[in-house]
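A structural walkthrough
One letter stands for each residue in the lines below.
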Protein chains: 2
Amino acid sequence: MHTAVFGLGSMGYGVAQSILKAGDTTYGFDVMSSQVEKFQSEGGSTESLIDAAGILDCVIVVVLNAEQTESVLFGEQGVVPNLKPGCVVIACATVSPEFARDMESRCKKHGVHYLDAPISGGSVKAAQGELSVLASGTGDAFNAARPALDAMAATVFELGKEAGAGSAMKSVNQLLAGVHIAAMAEALTFGITQGVKPEQFLEVISQCAGSSWMLENRAPHIVEGDYTPHSAVNIWLKDLGIVLDIASKAEFDAPVTTAALQQFTKASEQGFGLEDDAAVAKVYARDAGIKLPGE
Amino acid sequence: MHTAVFGLGSMGYGVAQSILKAGDTTYGFDVMSSQVEKFQSEGGSTESLIDAAGILDCVIVVVLNAEQTESVLFGEQGVVPNLKPGCVVIACATVSPEFARDMESRCKKHGVHYLDAPISGGSVKAAQGELSVLASGTGDAFNAARPALDAMAATVFELGKEAGAGSAMKSVNQLLAGVHIAAMAEALTFGITQGVKPEQFLEVISQCAGSSWMLENRAPHIVEGDYTPHSAVNIWLKDLGIVLDIASKAEFDAPVTTAALQQFTKASEQGFGLEDDAAVAKVYARDAGIKLPGE
C-alpha cells in the first residue's frame, strides 16, 4: 500500500506515524519542510508528490480547515487530478457537511473515493493510532480506506453512505466540547469567588452530576497551572465558528454556543490564543480579579 | 433516635423513607397534608410537631429554597427555638453560602448544630438512600448528623468546618449541570437540522469528548419523547437564578450560565415548566421548526 498524509501538525504527524508503523510506504507532506524532513528521517518516503501521486492508494488529509483541504485536493498543485482511479481520500479536518458533499462529488469525477472522516481524540491518541473517526461515505470509500482506518483509529463510527454525515456529527461534538470547556472555566472561577479551591472543585465535581468529559480532561490543566497547548484556544475560534456558520445557514439559533465562543474570542484577544484551551479560565479570572493556580 | 423531615416532595419523601428504614422514630412534615398522611401510613410517627420538637435529635430540611428553609427553622411556627440543645439541623435546599452561614449562626444561639448539606442525585437515589451530600459544618454538627447521613447518602463530601462551603460547591455543580442540559438540547436539535438522528446523537456523542453526565442522563428522555418530570424545567429557573444571584453579588460575570438560564426561562414561558428539564429542547425545536421524537 502507498499512502500519503497531508498535514504533519500535532494530529497529522501522529496519523502518519501510525500508517508507517502498519507497514505502508508512507509519504508525509506539509508546508513546513522541517516537519517533512523529520518524518522522512523516521522512515517516511522521500519521493516528491509529483512522482508519487499516480501510485497512491490512499490520501489522508489532516489539515486545519475546509480552505486548506480544498487547496490540498484541488488547488494549483492539487493532488486529486493526479490520483489513479479507486484511490481514496480520507478527509479529517472539521468542515461543514455541505463542503464534504461538494468534495465527494468533485473527487467522484476523477474516479476517486471520498471518506468524510473528521477525527477526535487529541495528539496523544493520534500518535498511538487510537483516534476516534466519525466517518461517512460509500461502501467503496470505506473498503478502500479500511487499512488506513485500522492503523489510525481505535473506534470508527460508520454514520452513513454519503459524505456530510461524519462532518455533521463532528460539528455536534465540537459544539458540546467547546461549550463544556467554557462552562468548566466559568464554574471553576465562580467557585473560587465562593471559596471553592480548584483542586477541590476537580475532586468533587468530577464525581457529581456537573461532570463532563472535558471537565475531567481540562480542569487538571488549571489546577496544575499548566497551559501547554494540547489543544489551543484558537482551535475553538475556528471550530465553534464553523458550528455557528452551519447553524446560521440552517437558521438555527445557538445562544449557549455563541456565549462560549465569545469567551474563547476574548481569550484570544487577551493574548492566550496559542495556550491550551483551558486558558479560557484566565478571561474569567481577569474579569473577576481573582488568581488561578500558578499566577 | 428521633428525626423529623420537613418537606415531603420528590426528594424529601425519599429521605424520610431512608431514615425510617434505618430504624429511627421518624416524623414527616409538609404543607400538603396528603403527603404527611401517606408517610404516616408507611410507618411515620403521628405526633404533632409541637409535641415532638423537644425530643428530636435531628431535623432534616428538604424544601425548595432559602425562603422555605428560613420559614421552617425560624418562621412563625419555626422549629429551632423548640429544639433541645445538641440537636442538629441538616439543611438540604440549594441556597447561597451567605444564607447558610446566617442560618448556622442563628441556630448556634439556640445551642443547635447546623450542617450545610445540599443534596444531589435525584428522587430515585433519594428513595434508595444513595444521595450525594455536599456538606460543611463543625465537627459537632457532623457527629450529630452522622446516623442520618449514613441512612440517606451513598457519598458525603466533607467540604469544610463552616457552613457555606457545601452550598458554594452545590451552586458550582448546579451551574454546570444546568448548562450541560441546555447545551445537550442545543447540540441535539442542531444535529437534527444537519440530519443527525437523536438516537445516533446519543449513541455516538456519549462515547466522544462532547459527553457529559447530564447528556447521558437526559438525552434518552428526548430520544424516547418522554418528559415525565424527574427534575422539572422550573427547578433550573430557581437553581440557575440562585447561581446568578450569588455571582452578581461577587461581581462575577457568567455569560454561558446566563444564556442557559434564558433557554429554561423560554421553556417555562412556552408552558413546559412542569415537564422534565430535557423539555428545554422543545424551545430549540420550535425556534428551528423541527420535530422531536414523539411529536
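About the cut-offs
- Residues numbered from 1 in each chain as written.
- Chains lettered and ligands numbered in written order.
- Predicted model: local features only at pLDDT ≥ 70, side-chain atom pairs only at ≥ 80, totals over all residues.
- Heavy atoms only, no water.
- Salt bridge = Lys/Arg side-chain N within 4 Å of Asp/Glu carboxyl O.
- Helix = DSSP H or I, 4+ residues; strand = E, 2+ residues; numbered from the N terminus.
- Pairing = 2+ DSSP bridges.
- Axes fitted to C-alpha atoms, helices over the stretch in contact; angles between N-to-C directions.
- Contact = heavy atoms within 4.5 Å.
- Parallel < 35°, antiparallel > 145°, perpendicular 65-115°, else oblique.
- Left-handed = near helix turned anticlockwise from the far one by under 90°.
- Nonpolar A, V, L, I, M, F, W, Y, C, P; charged D, E, K, R; others polar.
- Buried area = accessible area lost by both parts, 1.4 Å probe.
- Polar contact = N/O pair within 3.5 Å; in protein donor to acceptor, adjacent residues only side chain to side chain.
- Phe/Tyr/Trp six-rings, centres within 6.5 Å; stacked < 30°, edge-to-face > 60°.
- Buried < 20%, exposed > 50% of the residue type's maximum accessible area, 1.4 Å probe, protein only.
- Lys NZ or Arg CZ within 6 Å of the ring centre and 35° of its normal.

All names here are of chain B. Counted by the stated rule, this structure contains 16 salt bridges over all chains. For E70, the salt bridge goes to R106, with nearest N and O atoms at 2.7 Å. Of the two residues, E70 sits in helix 4 (residues 66-74) while R106 sits in helix 5 (residues 97-108), which places them 36 residues apart along the sequence. We note a salt bridge from R146 to E158, for which the minimum N-O separation is 2.9 Å.

All names here are of chain B. As summarised here, the arrangement of the five strands in space is 2-1-3-4-5, forming an open sheet in which the pairing is parallel. Of all strands in the sheet, those with a lone pairing partner are strand 2 (25-29) and strand 5 (113-116), marking the two edges. On average, each strand axis in the sheet is inclined to that of its neighbour by 15°, with strand direction left out of account. Of the strands in this sheet, strand 1 (2-6), strand 3 (58-61), strand 4 (88-91) and strand 5 touch helix 4, which is tilted by about 155° from strand 3.

Residue and element names in this part refer to chain A. Where helix 8 (residues 165-193) meets helix 11 (residues 233-249), the axes come as close as 9 Å, and the angle between the chain directions of the two elements is 125°. Regarding the angle of helix 8 to helix 11, the classification is oblique. The interaxial crossing formed by helix 8 with helix 11 has left-handed handedness. In contact with S171, Q174, L175, A177, G178 and I181 of helix 8, helix 11 contributes W236, D239, L240, V243 and I246. Split into classes, the residues belonging to the contact of helix 8 with helix 11 amount to seven nonpolar, three polar and one charged.

Once that is clear, we can look at the interface of chain A and chain B. Taken together, the 53 residues of chain A in the interface contact 53 residues of chain B. Here chain A meets chain B over a buried area of about 4700 Å², counting both sides, of which 74% is carbon and sulfur. Across the contact surface, chain A and chain B share zero salt bridges. Counting across the chain A and chain B interface gives 10 residue pairs in polar contact (both at pLDDT 80 or more). Elements supplying a minimum of two residues to the side of chain A that touches chain B: helix 8, helix 9 (198-205), helix 10 (213-223), helix 11, helix 12 (255-272) and helix 13 (280-288) of chain A. Considering only residue class, the side of chain A that touches chain B consists of 37 nonpolar, 14 polar and two charged.

With that settled, consider the packing of aromatic side chains. For the coordinates displayed, the defined rule picks out 12 aromatic pairs over all chains. The interplanar angle of 85° and the centroid separation of 5.8 Å between the aromatic rings of Y13 of chain A and F39 of chain A together place this pair among those described as edge-to-face. Remark: F39 of chain A occurs in helix 2 (residues 33-41) and Y13 of chain A occurs in helix 1 (residues 10-21); sequence separation between them is 26 residues. In this structure Y13 of chain A comes out as buried when scored by relative accessible area, which is 7%. Aromatic rings pair up to connect F6, Y27 and F29 of chain A into one cluster. Its guanidinium or amino end placed over the ring of F74 of chain B, R106 of chain B lies 4.4 Å from that ring's centre, counting from NZ or CZ.

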